[in-house]
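Descriptive analysis of the structure
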Amino acid sequence: GIGDYSIGSDTFKNKTLNKRLMTLPRLLKKEGFLTFFKGAAGRFSSKAGFADGFDDHYIVNANYDVKKPSIDNLIDGLEAFKGFDKFFFFHHDPKLHSPYLSYGDEAKQNLYHLEMINQNNSKLDSDLYELGLARLDLEIGKLIQYLEDQDEYNQTLLIVTGDHGSGINWVKGSEYSLYEERVRVPLLIKFPSWYSD
């Protein structure tokens, strides 16, 4: 009942999210929160995707686009709306699954040197995965440092999750896709001081 994303899941051709569902931004807006979305990929469009219902919305339609949002954009938004109850949904893509590389297209960000593509380098996937994980760790650390410097860390609810689970050399729709893609989804939650059961 969420929606049909089987056709053109990364395009504006996908069907609109079921309007009968109460989404988090709609719920929080009723409680007086300002709601913001920043991300990449067409399925997160405000018109036909999971980013429906936000007060402000910034989307880049391609994950490799150099204009895709960064942790710095998120921090700028937090800084701009100090003193307000706010909810930021930040879709970040640190390239933790294939395709890891983008090359041969000037419109795409060339993240790695082409000499890394070598058939003798059997660890290419795991090396690039580790590089993406290290980058994500640094960026989350930068966000936490900002919140601590602003004395807002203890009052902030942080949720870090993935859009799906996967492993190194993961193949979408494989024999184990239910387990890898839908069950083994990472989820980290840092509860705020105001949280109660």
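For the structure itself, look to the data block above.
My aim in this report is to walk through the structure given alongside it, one point at a time. (Residues numbered from 1 in each chain as written. Predicted model: local features only at pLDDT ≥ 70, side-chain atom pairs only at ≥ 80, totals over all residues. Heavy atoms only, no water.)

Even without a glycine there, the phi angle at Asp-151 is positive, about 55°. Checked against the element boundaries, Asp-151 lands in the loop between helix 3 (124-149) and strand 4 (158-161). (Helix = DSSP H or I, 4+ residues; strand = E, 2+ residues; numbered from the N terminus.)

By the definition in use, this model includes three salt bridges. For the salt bridge of Lys-29 with Asp-55, the shortest nitrogen-to-oxygen distance reads 3.5 Å. Of this pair, Lys-29 sits in helix 1 (residues 24-30) while Asp-55 sits in the loop between strand 1 (34-40) and strand 2 (56-60), placing them 26 residues apart in sequence. With relative accessibility at 43%, the residue Asp-55 sits in the partly exposed group. The residue Glu-79 makes a salt bridge to Lys-82 at a minimum N-O spacing of 3.3 Å. Exposure remark for Glu-79: the relative accessible area of 38% places this residue in the partly exposed category. On the basis of relative accessible area, Lys-82 is assigned to the partly exposed category, the value being 34%. (Salt bridge = Lys/Arg side-chain N within 4 Å of Asp/Glu carboxyl O. Buried < 20%, exposed > 50% of the residue type's maximum accessible area, 1.4 Å probe, protein only.)

Below, the discussion takes up the packing of aromatic side chains. By the definition in use, this model includes eight aromatic pairs. An angle of 70° between the planes, with centres 6.3 Å apart, marks the rings of Phe-54 and Phe-89 as edge-to-face. Of this pair, Phe-54 sits in the loop between strand 1 and strand 2 while Phe-89 is found in strand 3 (residues 86-90), placing the two residues 35 residues apart along the sequence. Seen from their ring centres, Phe-81 and Phe-84 are 6.2 Å apart, and the 70° between their planes marks the pair as edge-to-face. Of the residues examined, Phe-84 reaches a relative accessible area of 48% and is grouped as partly exposed. Members of the aromatic cluster, connected to one another through ring pairs, are Phe-36, Phe-81, Phe-84 and Phe-88. The ring of Tyr-153 carries the charged tip of Lys-190 above its face, separated from the ring centre by 4.3 Å. (Phe/Tyr/Trp six-rings, centres within 6.5 Å; stacked < 30°, edge-to-face > 60°. Lys NZ or Arg CZ within 6 Å of the ring centre and 35° of its normal.)

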